[in-house]
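What the coordinates show
Single-letter residue listing:
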Amino acid sequence: MKNTEDLTKRLGVDIDAETLRLALTHRSYAYEKGGIPTNERLEFLGDSVLGLSVTDALYRDNPGLSEGELAKRRSAVVSTKALAGVARSLDLGSYVLLGQGEKLTNGRDKASILADTMEAVIGAAYLSHGIETARVMVMRLIGPLLRDSAVLGEGTDWKTRIQETAAARRLGLIDYQVEGTGPDHARTFTARLLIGGVEYGSGCGNSKKEAEQAAAAESWKLLVAGAGASPDSDAADVRPAVGP
């Protein structure tokens, strides 16, 4: 395994070598080595430590937010995409122990592997030093995402938001037109959103749901363009920038 000294410096926590190695052991590597322990139990533990740390920070720092909005923000910050981004900033992928199959398919940059390993590392920090040290590490590495509007936007249900905005403005019926391309195992979807027969935004994703959410997000931004509205604001009184 690659020397982890630089990794522990970036983490800011001196996790004992055996526990850190376990946190970096993906199941594909464990299988090739005859079924040695994987990082999945640590991932389970780290997920809870991460959730508690983020929930605590959100609750204390946002006294005016509703339960629903707090939940959306937490979901965005602890999402696979967000955690994978943090893992990439730490170069975590280069330390993960992977089987040959995962190595050949760029497993070191797969969002799911990176996010799961990040949670396992959090679990390892908790086992090595306890909840407070683990919480401090989480807030140092992931806390900045709580103030990142782009990341928090990932937690917005854009389909619901565009539905509410279109209804408030009486723009007409919403219609998603989705097309899929590529083989079944690697299909990509593109969605176009029409409101009252007028095309607004479009978006792509690995599923119809992702593509529709992306199209809804783009459409909502077009509707409130130039009005300075945020995902938390009421856009009902903002005049549409495009469309009827």
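See the structure above.
First, a word on what this report is: a plain description of the structure on this page.

Conventions and cut-offs
- Residues numbered from 1 in each chain as written.
- Predicted model: local features only at pLDDT ≥ 70, side-chain atom pairs only at ≥ 80, totals over all residues.
- Heavy atoms only, no water.
- Helix = DSSP H or I, 4+ residues; strand = E, 2+ residues; numbered from the N terminus.
- Buried < 20%, exposed > 50% of the residue type's maximum accessible area, 1.4 Å probe, protein only.
- Contact = heavy atoms within 4.5 Å.
- Patch = residues over 30% accessible without salt bridge, like charges linked within 9 Å, V, L, I, M, F, W, Y side chains within 5 Å.
- Areas by Shrake-Rupley, 256 points an atom, 1.4 Å probe, with all protein chains shown as cover.
- Salt bridge = Lys/Arg side-chain N within 4 Å of Asp/Glu carboxyl O.
- Phe/Tyr/Trp six-rings, centres within 6.5 Å; stacked < 30°, edge-to-face > 60°.
- Lys NZ or Arg CZ within 6 Å of the ring centre and 35° of its normal.
- Expected span 1.5 Å × (residues − 1).
- Pairing = 2+ DSSP bridges.
- Axes fitted to C-alpha atoms, helices over the stretch in contact; angles between N-to-C directions.

1. Observations regarding the overall build of the protein
When its secondary structure is counted, the protein shows 12 helices and three strands. Counting every position in the protein, which comprises 244 residues, the buried fraction comes to 41%. Within the protein, contacts between residues at least 6 apart in sequence are counted, and of these 55% link residues at least 24 apart.

2. A look at a nonpolar patch on the surface
Taken together, the side chains of Leu52, Tyr126, Leu127 and Ile131 define a hydrophobic patch exposed on the protein surface, amounting to about 370 Å² of accessible area. Mapped onto the fold, Leu127 is located in helix H8 (residues 111–129). According to the relative accessible area criterion, Leu127 is exposed, its value standing at 54%.

3. Brief notes about the packing of aromatic side chains
Counted according to the given criterion, the structure contains zero aromatic pairs. If you follow Lys159 out to its NZ or CZ, it ends over the ring of Tyr176, 4.9 Å from the centre.

4. Section: helix H12 (residues 208–223)
Between the first and last C-alpha of H12 there are 22 Å, a value that for 16 residues agrees with the 22 Å anticipated at 1.5 Å per step. Against helix H11 (158–169), strand E1 (174–181), strand E2 (188–195) and strand E3 (198–205) lie the buried residues of H12.

5. Let's talk about the pattern of salt bridges
For the structure shown, the criterion picks out 10 salt bridges. We note a salt bridge from Arg73 to Glu69, for which the minimum N-O separation is 3.5 Å. Here the residue Arg73 and the residue Glu69 both occupy positions in helix H5 (residues 67–77), the gap between them amounting to four residues, near one helical turn. For Arg73, a relative accessible area of 13% puts it in the buried group. As a salt-bridge pair, Arg135 and Glu132 come within 2.7 Å of each other at their nearest N and O atoms. Taken as a pair, Arg135 and Glu132 lie in helix H9 (residues 131–141) at a separation of three residues, close to a single helical turn. Among the residues examined, Arg135 registers a relative accessible area of 27% and is labelled partly exposed. Ionic contacts of the salt-bridge type, sharing partners, join the residues Glu69, Lys72 and Arg73 into one network.

6. Description of the sheet that holds E3
Strand order in this open sheet of three strands is E1-E2-E3, and the pairing throughout is antiparallel. At either margin of the open sheet sits one strand with a lone partner, and together these are E1 and E3. In this sheet, adjacent strand axes meet at a mean angle of 20° when their direction is disregarded. When E1 meets E2, the two strands line up antiparallel, connected through eight bridges. Among the inter-strand pairings, Thr181 is bridged to a residue of E2, identified as Thr188. Running at roughly 145° to E1, H11 makes contact with E1 and E2 of the sheet. Across the sheet, H12 is in contact with E1, E2 and E3; its angle to E3 comes to roughly 135°.

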